[in-house]
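# Tertiary structure, described
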Amino acid sequence: MNSILTIISVLLVLSIGLLVYTVLKLREANLKIAKQTLILNSVQKLSRKMYQLENREFFFTEMWSILKQITDANEFTYFKFDGIDALIPEFVEGIYKEQILKSRLKIGEGFSGKVALDKTPQYLNGANKSSIAKHVPGTPNEDSALLAAPVIFNSELYGVILLTKLGGKSFNKEELNITEIFVNMASSLIAGSRLVSTIKSGFIDMLKTLITAVELKDTYTAGHSLRVSRISEIIAKNMGLPKNEVTKCKIGGLLHDIGKIGISEEILKKDTPITQDLLTEIFRHPELGYRLIKKLKTLEGVSETVLYHHEWYNGRGYPKGLKDGQIPISSRIVHVADAIDAMVSGRPHSKKKTLDETFSELVDFSGTQFDPKVVQTVLNSKDEVKSVYAEEIKETILDDEELFEVL
Ligand SMILES: [Fe+2]
Ligand SMILES: [Fe+2]
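Residues numbered from 1 in each chain as written. Chains lettered and ligands numbered in written order. Predicted model: local features only at pLDDT ≥ 70, side-chain atom pairs only at ≥ 80, totals over all residues.

### Details of the overall build of the chain
Operational definition: By definition, any uninterrupted DSSP run of H or I lasting at least four residues is a helix, any uninterrupted run of E lasting at least two residues is a strand, and each is numbered from the N terminus. Burial is judged by counting other C-beta atoms within 10 Å of a residue's own C-beta: 20 or more means buried, 12 or fewer means exposed, and anything between counts as partly exposed, with every C-beta placed from the backbone. The contact rule is simple: place each C-beta atom from the backbone, and if two of them lie within 7 Å, those residues are in contact.
Helix and strand counts for the chain come out as 15 helices and six strands. Looking at the chain residue by residue over its 407 residues, the buried ones come to 34%. The contacts of the chain with a sequence gap of at least 6 include a subset with a gap of at least 24, amounting to 62%.

If you want it as structure tokens, here you go:
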């Protein structure tokens, strides 16, 4: 009887043990699933934000808030590689942010420098006791663990992401693998944003070259394009036009006379009265400009602004004789801005006018040559228009993010 009881007791203890073991395993499995779900959701969440190529800080903030949850790290640093031999902290989060931002590392120096050199993600527990890690000046010598991964794209080093744990915590292989997933996303983002800025600066250089080409050809237009652009922008903004129309006016103003590249210099610089034949030749410049711009995919949106910048409100302009609402609003605006600058700067056959004389001339031709709404806006914006002539306009007006929003 006793032996039966003993067997039952042993079996009972074994079953309870098995049950506890199963519950613990299930809990562990559940925790693992929960963690994996968190990682998957985070990757998905972060990848949706990757289109914001320019906002690197925003991406790192999001990335850090996820990695903090998953790895329980205390600090995040993105070291940017300067392209020569140094790692410079660009984005830092954590209690020693101030001190870390002042630090610099050479490639090969300290733990992050070593990771940059080896180009392999690694972690180092008990970093404060290791000779590899370099102590950040101004921070206590705490028990810490480091995990760093290089930001690499097409075998080119962009920087290093470093996670730090304080207070005796340590990293493990799983956390290294997870961090690597996020660092790979950061690599694509950083490489992408560098590509975008190369494209943007190439675009700005192209605009500057085009403008210079026209201005070299036609001496009377020195600075003219930049002023017409600025005045057109003022008018468009004060008319309350949407952002894309404002940008069209701005770029349309810059490039309105680009077609003059195709007109002979002799005609453009002629200081004797112009014959009808020569006028017909000059009248070709809006169409030439249109054809030129239309070929450039990024500028296609402003090709019509250029084509119609000499149309008159009453249909007596050129090249198509469009009237009123048939003429794009950006062209009607550039037309007025162009006329303002032509009057203020003077032309070979007409002497310079003061700004007040120019404004009254606009009124005289409002409803015939000029769109009355545009003229009225100029009259309401006299001080802003005058300010264009009070300061020297620099090409820096091109270095503007807005330029890229509609192109
Ligand atoms: Fe023109
Ligand atoms: Fe012009």
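### Side note on the sheet that holds strand E2 (residues 86-93)
The condition is simple: Strand pairing is assigned whenever DSSP detects at least two bridges linking the two strands. Axis angles are defined between N-to-C directions and span 0 to 180 degrees, where every axis is a line fitted to C-alpha atoms and, for a helix, only to the segment in contact.
Overall, antiparallel pairing links the six strands, which are arranged E3-E2-E1-E6-E5-E4 in an open sheet. Each edge of the open sheet is held by one strand with a lone partner, namely strand E3 (105-106) and strand E4 (122-124). In this sheet, E3 lies alongside E2 in antiparallel orientation, the contact comprising two bridges. Following the sheet pairing, Ala86 is matched in E3 by Lys106. Sitting on the sheet, helix H4 (residues 110-118) touches strand E1 (75-81), E2, E3, E4, strand E5 (145-153) and strand E6 (156-165), and the angle it makes with E5 is about 35 degrees.

### Regarding the pairing of E2
Looking down a regular strand, the side chains alternate between one sheet face and the other. Bridge analysis of E1 against E2 gives six bridges, and the strand direction is antiparallel. When the sheet's bridge partners are listed, Lys80 is paired in E2 with Ile88.

### Quick word on the nonpolar core
Spelled out, the test is: Note on terminology: a nonpolar core is any set of buried Ala, Val, Leu, Ile, Met, Phe, Trp, Tyr and Cys residues joined through C-beta atoms within 7 Å.
Membership of the largest hydrophobic core comes to 39 residues, with the highest contact counts inside it found for Leu146, Ala148, Val151, Val160, Ile161 and Ala186. Where this core is concerned, the elements lending two or more residues are helix H2 (56-71), E1, E2, H4, E4, E5, E6 and helix H5 (173-217). Core analysis: the next-biggest nonpolar cluster, separate from the first, contains 24 residues, Tyr313, Val336, Ala339 and Ile340 among them.

### Observations concerning the environment of Leu146
Looking at where Leu146 falls in the secondary structure, it is placed in strand E5. Sequence separation of Leu146 and Lys169 is 23 residues, and the distance between their C-alpha atoms is 9.9 Å.

### Details of the environment of Phe203
Note on placement: Phe203 falls in helix H5. With 95 residues separating them along the chain, Phe203 and Thr298 place their C-alpha atoms 8.4 Å apart.

### Focus: H4
Across the nine residues of H4, seven count as buried, placing the element largely inside the fold. Gly110, Phe111, Ser112, Gly113, Lys114, Val115 and Ala116 are the residues of H4 that are buried. Residues of H4 that are buried make contact with E1, E2, E3, E4, E5 and E6.

### A short note on the confidence of the model for the chain
Counted only if it meets this: pLDDT expresses how confident the predictor is about each individual residue, on a scale running from 0 to 100.
Taken over all residues, the pLDDT of the chain has a mean of 85, while the share at 70 or more is 83%. The least confident element of the chain, judged by mean pLDDT, is helix H1 (residues 2-48) at 67; the most confident is helix H14 (residues 372-380) at 98.

### Side note on the packing of helix H6 (residues 224-238) against helix H7 (residues 243-255)
The line we're drawing: Oblique is the label for any angle not covered by the other classes, which are roughly parallel (under 35 degrees), roughly antiparallel (over 145) and roughly perpendicular (65 to 115). Definitions for this section: a left-handed crossing has its near helix turned counterclockwise from the far helix by less than a right angle. A right-handed crossing has that turn clockwise.
The interhelical angle for the contact between H6 and H7, taken along N-to-C directions, is 160 degrees, at an axis separation of 7 Å. Classed by the angle they form, the pair H6 and H7 counts as roughly antiparallel. Between H6 and H7 the crossing geometry is right-handed. For the pair formed by H6 and H7, the contact residues are Ser225, Val228, Ser229, Ser232, Glu233, Ala236 and Lys237 on the first element and Glu245, Val246, Cys249, Lys250, Gly252, Gly253 and Leu254 on the second.

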